[in-house]
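# Descriptive structure summary
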Amino acid sequence: MEQKAQLNPFVKLALDFGPLILFFVVNGRAGIFWATAAFMAAFVVSVAVSYALIRRFPVMTLVTGAVVLVFGGLTIWLHDPTFVKLKTTIIYLLFAGVLAAGLILKQPFLEIAFDSAFHLTEEGWRILTIRWIAFFVAMAMLNEVVWRTQSTDFWVAFKTFGFIPLTIVYALAQLPVLQKYAKADEAQG
């Protein structure tokens, strides 16, 4: 079986978090509407660069891109920051919903999302999927609390410097599951 091209982890990190960092910087200098436009443009560039490097679009990137462009566009067009704030909640709930559908259909959607980076047993994928569903629902709820109770500037800062570290810490906390349920033939090979 032909192995899919993979992005260098540092390039992937830059492509994933670069638009969000730009969003934060532009928000601080020009406000939420310019920040939203910059984020949308940076996201499109990020996807294009990713495609140029690996010649495919990861599924999660396409879903995220559609939501980013629709809700970012509504934010700018209607001049209402509510839409860009809701985008985060909707993306987290979409991810949770897709993963839940995968559990019901007995399809390892999380394995697809991780782009075959890990080789786990069926039980390992099930456990990891349930944990990520819970995480995404919790993050959606947290986003709702933050944007509804805090200023837009605080929300932007928290989105950049709160959600990213929380996601990284949560992902690292899943390492024991990855180790415990790694397929024996893949772990040795």
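What you see is a predicted model, and the numbers here were worked out from it, not measured in a lab.

Parameters at a glance
- Residues numbered from 1 in each chain as written.
- Predicted model: local features only at pLDDT ≥ 70, side-chain atom pairs only at ≥ 80, totals over all residues.
- Heavy atoms only, no water.
- Helix = DSSP H or I, 4+ residues; strand = E, 2+ residues; numbered from the N terminus.
- Expected span 1.5 Å × (residues − 1).
- Buried < 20%, exposed > 50% of the residue type's maximum accessible area, 1.4 Å probe, protein only.
- Contact = heavy atoms within 4.5 Å.
- Salt bridge = Lys/Arg side-chain N within 4 Å of Asp/Glu carboxyl O.
- Lys, Arg positive; Asp, Glu negative; His and termini not counted.
- Axes fitted to C-alpha atoms, helices over the stretch in contact; angles between N-to-C directions.
- Parallel < 35°, antiparallel > 145°, perpendicular 65-115°, else oblique.
- Left-handed = near helix turned anticlockwise from the far one by under 90°.

All right, on to helix α3 (residues 59-78) then. Turn by turn, an α-helix covers 3.6 residues, leaving residues three or four places apart pointing in a common direction. The end-to-end C-alpha separation of α3 is 29 Å, in line with the 28 Å expected for 20 residues at 1.5 Å each. Of the positions making up α3, those classed as buried are Thr 64, Gly 65, Val 67, Val 68, Phe 71, Gly 72 and Thr 75. Buried residues in α3 make contact with α2 (32-54) and α4 (82-105). Of the residues one or two after α3, His 79 is the one with positive phi, at around 50°.

Here we take up the pattern of salt bridges. In the structure shown here, the tally under the stated rule is 3 salt bridges. Its salt-bridge partner being Asp 16, residue Lys 12 comes within 3.0 Å of it at the nearest N-O pair. Here the residue Lys 12 and the residue Asp 16 both occupy positions in helix α1 (residues 9-30), the gap between them amounting to 4 residues, near one helical turn. When its relative accessible area of 42% is taken as the criterion, Asp 16 is described as partly exposed. Residues Glu 144 and Arg 148 are paired through a salt bridge, measuring 2.5 Å at the closest nitrogen-oxygen approach.

Mapped onto the elements, Lys 87 comes out in helix α4. Look at Lys 87: it is buried, it has no salt bridge, and the nearest opposite charge is Glu 144 at 11 Å. Sequence-distant contacts of Lys 87, that is, excluding residues within four places in its chain, are made with Phe 39, Val 67, Val 68, Phe 71 and Lys 159.

Contact geometry of α1 with helix α7 (residues 152-173) gives a least axis separation of 10 Å together with a crossing angle of 155°. Overall, the two elements α1 and α7 adopt an arrangement that is roughly antiparallel. Regarding α1 and α7, the two cross each other, and that crossing is left-handed. Facing α1, whose interface residues are Phe 17, Leu 20, Ile 21, Phe 23, Phe 24 and Asn 27, α7 presents Asp 153, Trp 155, Val 156, Ala 157, Lys 159, Thr 160, Phe 161 and Ile 164.

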